[in-house]
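Here are the chains, one letter per residue:
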Amino acid sequence: MEKKNAWKKYPEGKREEVFAFGEEYKAFLSGCKTERECVAGLVAQAKDAGFEDLNEVIASGREIKTGDKLYANNMGKTLALFVIGKQPLEKGMNILGAHIDSPRLDLKQVPLYEDTGMAMLDTHYYGGVKKYQWVTLPLALHGVVVKKDGTKVEVNLGEKEDDPVFGVSDLLIHLAGEQMEKKASKVIEGEKLDLLVGSIPCADGEDEEKVKDAVKANVLNLLKEQYNIEEEDFLSAEIEVVPAGKARDYGFDRSMIMGYGHDDRVCAYPSFAATLEAGVCDKTSVCLLVDKEEIGSVGATGMCSKFFSYTVAEILNGMGGYSQIAFNRAMDNSKVLSSDVNAAYDPLYASVMEKNNCAYFGGGLVFSKYTGSRGKGGSNDANPEYMAELRRILDGNEVAYQTAELGKVDQGGGGTIAYILANYNMSVIDCGVAVLNMHAPWEIISKVDLYEAKRGYTAFLREA
Ligand code: MN
Ligand code: MN
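1. Brief notes about the coordination of the manganese ion (ligand 2)
The protein atoms that coordinate the manganese ion (ligand 2) are Asp263 (OD), Glu294 (OE), Glu294 (OE) and His439 (NE2), at distances spanning 2.1 to 2.5 Å. Take His439: its relative accessible area is 17%, and that puts it in the buried class.

2. Some details on empty space enclosed by the protein
Applying the stated rule across the entire model yields two cavities of 30 Å³ or more. Reported here for the largest cavity is a volume of approximately 40 Å³. Around the largest cavity sit Thr78, Leu288, Val290, Thr301, Gly302, Met303, Ser305, Phe307 and Phe308, which together line it. Within the residue set of the lining of the largest cavity, elements represented by two or more residues are strand 13 (284-290) and helix 8 (307-318). Residues that form the lining of the largest cavity fall into these classes: five nonpolar, four polar and no charged. The volume enclosed by the second largest cavity comes to roughly 40 Å³. Leu337, Phe367, Leu390, Ile393, Leu394, Gly456, Ala459 and Phe460 are the residues that line the second largest cavity. Elements supplying a minimum of two residues to the lining of the second largest cavity: helix 10 (384-396) and helix 12 (447-463). Residues of the lining of the second largest cavity, tallied by class, amount to seven nonpolar, one polar and no charged.

3. A word on the nonpolar core
The biggest cluster of nonpolar side chains holds 61 residues, and the ones touching the most others in it are Tyr25, Val266, Leu337, Phe367 and Tyr457. Other than its neighbours up to four places away in sequence, Leu337 contacts Ile95, Leu96, Gly97, Phe367, Tyr386, Leu390, Ile429, Cys431, Tyr457 and Phe460. In this structure, Leu121, Ile188, Val197 and Tyr227 belong to the second largest nonpolar core, which totals 35 residues.

4. Quick word on the coordination of the manganese ion (ligand 1)
Binding of the manganese ion (ligand 1) to the protein goes through His99 (NE2), Asp263 (OD), Asp340 (OD) and Asp340 (OD), at separations of 2.1 to 2.6 Å. Look at where the donors of the manganese ion (ligand 1) fall in the sequence and you get H-x163-D-x76-D. In this model, the manganese ion (ligand 1) sits 3.2 Å from the manganese ion (ligand 2), the two metals being bridged by Asp263. Placement of Asp263 in helix 7 (residues 262-278) and of Asp340 in the loop between strand 14 (335-339) and strand 15 (342-343) is noted, with a sequence separation of 77 residues between them. As far as burial versus exposure is concerned, Asp263 and Asp340 are alike and both buried.

5. Points about the side chain of Asp53
Note that Asp53 resides in strand 1 (residues 52-53). Put simply, Asp53 is tucked away with no salt bridge, and the nearest opposite charge, on Lys47, sits 6.6 Å away. Here the side chain of Asp53 touches Asn55 through a polar contact of 2.9 Å, landing on its backbone nitrogen.

6. Some remarks on the sheet that holds strand 6 (residues 118-126)
Read across the open sheet, the six strands follow the order 8-7-10-5-6-9; overall the sheet is antiparallel. Each edge of the sheet is formed by a strand with only one pairing partner; in this case those strands are strand 8 (152-157) and strand 9 (195-198). Strand-to-strand, the axes of this sheet are offset by a mean angle of 30°, without reference to chain direction.

7. Quick notes on the layout of surface pockets
If a probe the size of a water molecule is rolled over the atoms, the empty space left behind becomes visible. Considered as a void within the structure, the largest pocket measures approximately 1200 Å³ in volume. In terms of lining, the largest pocket is formed by 41 residues, of which the most central are Ala343, Leu406, Asn437, Met438 and His439. Those elements giving two or more residues to the lining of the largest pocket turn out to be strand 15, strand 16 (365-368) and strand 18 (427-432). Top element by residues in the lining of the largest pocket is strand 18. It accounts for three residues. Approximately 700 Å³ is the volume attributed to the second largest pocket.

8. Focus on the environment of Ala27
Examined against the element boundaries, Ala27 turns out to sit in helix 1 (residues 16-31). Looking at Ala27, the relative accessible area reads 53%, which means it is exposed. The sequence separation of Ala27 and Gln402 amounts to 375 residues, and the corresponding C-alpha distance is 27 Å.

9. Structural notes on the packing of helix 1 against helix 12
Relative to each other, helix 1 and helix 12 sit at 90°, their axes nearing to 9 Å. Taken together, the axis directions place helix 1 and helix 12 in an arrangement best described as roughly perpendicular. Here Glu17, Val18, Phe19, Phe21, Gly22, Glu23 and Tyr25 of helix 1 come into contact with helix 12, specifically with Lys447, Val448, Leu450, Tyr451 and Lys454. Broken down by class, the residue content of the contact of helix 1 with helix 12 amounts to seven nonpolar, one polar and four charged.

10. Thoughts on the pattern of salt bridges
Note that side chains of opposite charge can pair when their charged atoms are close. Under the defined criterion, the tally for this structure stands at 26 salt bridges. Glu52 is paired through a salt bridge with Arg62; the nearest N and O atoms lie 2.7 Å apart. Residue Glu52 is found in strand 1, and its partner Arg62 is found in the loop between helix 3 (54-60) and strand 2 (69-74); the two are separated by 10 residues along the sequence. Its salt-bridge partner being Glu231, residue Lys216 comes within 2.9 Å of it at the nearest N-O pair. Of this pair, Lys216 sits in helix 6 (residues 214-227) while Glu231 sits in the loop between helix 6 and strand 10 (237-243); the two residues are 15 residues apart in sequence, bridging distant segments of the chain. Taking relative accessible area as the criterion, Lys216 reaches 15% and is therefore assigned buried.

11. Concerning the packing of helix 1 against helix 7
For any two helices packed against each other, the geometry is given by the interaxial angle and the distance between the axes. Viewed as axis vectors pointing N to C, helix 1 and helix 7 meet at an angle of 120°, and their least axial separation amounts to 11 Å. It follows from the interaxial angle that helix 1 and helix 7 lie oblique. Classified by chirality, the crossing of helix 7 by helix 1 is right-handed. Counted together, Phe21, Glu24, Tyr25, Phe28 and Leu29 of helix 1 and His262, Arg265, Val266, Tyr269, Pro270 and Ala273 of helix 7 form the full contact between these two elements. Of the residues in the contact of helix 1 with helix 7, the class split is eight nonpolar, one polar and two charged.

12. A word on the pairing of strand 5 (residues 104-115)
Looking along a regular strand, one sees side chains alternate from face to face of the sheet. Bridging between strand 5 and strand 6 involves eight bridges; their strand directions are antiparallel. The residue of strand 6 that forms the bridge with Asp115 is Met118. Where strand 5 folds back onto strand 6 in an antiparallel hairpin, the turn is made up of two residues, including Thr116, whose phi is positive at roughly 45°. Where strand 5 and strand 10 come together, two bridges link them in antiparallel fashion. Note on strand 10: the bridge partner recorded for Leu105 is Val241.

Cut-offs and rules
- Residues numbered from 1 in each chain as written.
- Chains lettered and ligands numbered in written order.
- Predicted model: local features only at pLDDT ≥ 70, side-chain atom pairs only at ≥ 80, totals over all residues.
- Heavy atoms only, no water.
- Donors = N, O, S within 2.8 Å, 3.2 Å for Na, K, Ca; no water.
- Buried < 20%, exposed > 50% of the residue type's maximum accessible area, 1.4 Å probe, protein only.
- 1 Å grid on protein atoms, 1.4 Å probe; cavity = no way out; pocket = protein on both sides within 12 Å on 5 of 7 lines; lining within 4 Å.
- Points joined across faces, edges and corners; volume = space filled by probe spheres on them.
- Helix = DSSP H or I, 4+ residues; strand = E, 2+ residues; numbered from the N terminus.
- Nonpolar A, V, L, I, M, F, W, Y, C, P; charged D, E, K, R; others polar.
- Core = buried A, V, L, I, M, F, W, Y, C linked by side-chain atoms within 4.5 Å.
- Contact = heavy atoms within 4.5 Å.
- Lys, Arg positive; Asp, Glu negative; His and termini not counted.
- Salt bridge = Lys/Arg side-chain N within 4 Å of Asp/Glu carboxyl O.
- Polar contact = N/O pair within 3.5 Å; in protein donor to acceptor, adjacent residues only side chain to side chain.
- Pairing = 2+ DSSP bridges.
- Axes fitted to C-alpha atoms, helices over the stretch in contact; angles between N-to-C directions.
- Parallel < 35°, antiparallel > 145°, perpendicular 65-115°, else oblique.
- Left-handed = near helix turned anticlockwise from the far one by under 90°.

Right, here's the structure in full:
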């Protein structure tokens, strides 16, 4: 099998679109660091592109018809976009699925404490992380605090040039003799991932010695002043701690992007862009962006939720064609590209990969017939009939693609949302973009792979 480098399709002078899409993606990645921010950002873009809120269309009683562009926003954390196609919905949808949650640290419900003159925020990590990678980095706070009266306070601190940042400390090398003997999973323990957030005791004209936890009190004063929130309001908050700073070009040739949250926004964003670009297709196009993949796709906003099927039922109903059998057919006849990142081959860690069946930077969109671990456990294993159809579409549109497994047999493995949609008897295959440093605070992708992903998704929506 010959491996082609996709950059060769874009010699100098013909790279403009590849780099332009990279810029667009960088802006998205820098601005949207939580699932909520992704949904809000993409809803705004979708509205500009003429998408309407499905709930408003339902409320208006207007019939849904070919050419309608609709979105359904589930609790601000899951987003489904539909472009109603020319064929009846019963003929099936072409679905691009991806997730918009990323590994991070979440604040606990009672996070703020003081220890010896230092105010700290306690966290619980989210998703699979190498905990030692999250220390001594500038971190930002993103999220919402919901007060008892329902008021929602948006928090986004640490991203602007003059914002303060936060961080988790690590032991100085001079005193780390014991620590350095520990295995990597124990070097930094989960309960040690607390943020230092203040060190000035409150004044308030009081005798500072008498105020218990005066530094914590000072932080609470600032929170009251700047956000009008009290300590108890953390009980109903969702604050995510993420790497501070923007996505940036990587390498002399600027061929790559370093950023936080490529997993899985590097698939979510081109899925979204392709849905806009493909226009009204034969089949109904769907872009489904879900939350909670990193912790097992559970919960109301995860892929296991009934949200998507309820939404499809609403659309059928809005088209005047709802019945259980019509719904079953719409799902059964659907085709899915379940997109998630794959591991990019790393010459420094070649031993975990099997060279013929792994993903390379510049290899284009990655297809994985199956994922899972220990003998494909937990995997959706795609049908070769479906893969053959995709090969025809991709080759017909000169989209660069490659096939890969996540590492060598029995080296490890991973799961995606593919098997959940496959439960509706849809044709589903895993695909996505190769990532270096996956799940690290700063991950790397190749711009040409990102661009080929968008081209591949667009071709799929038009021709599958
Ligand atoms: Mn992922
Ligand atoms: Mn992941």
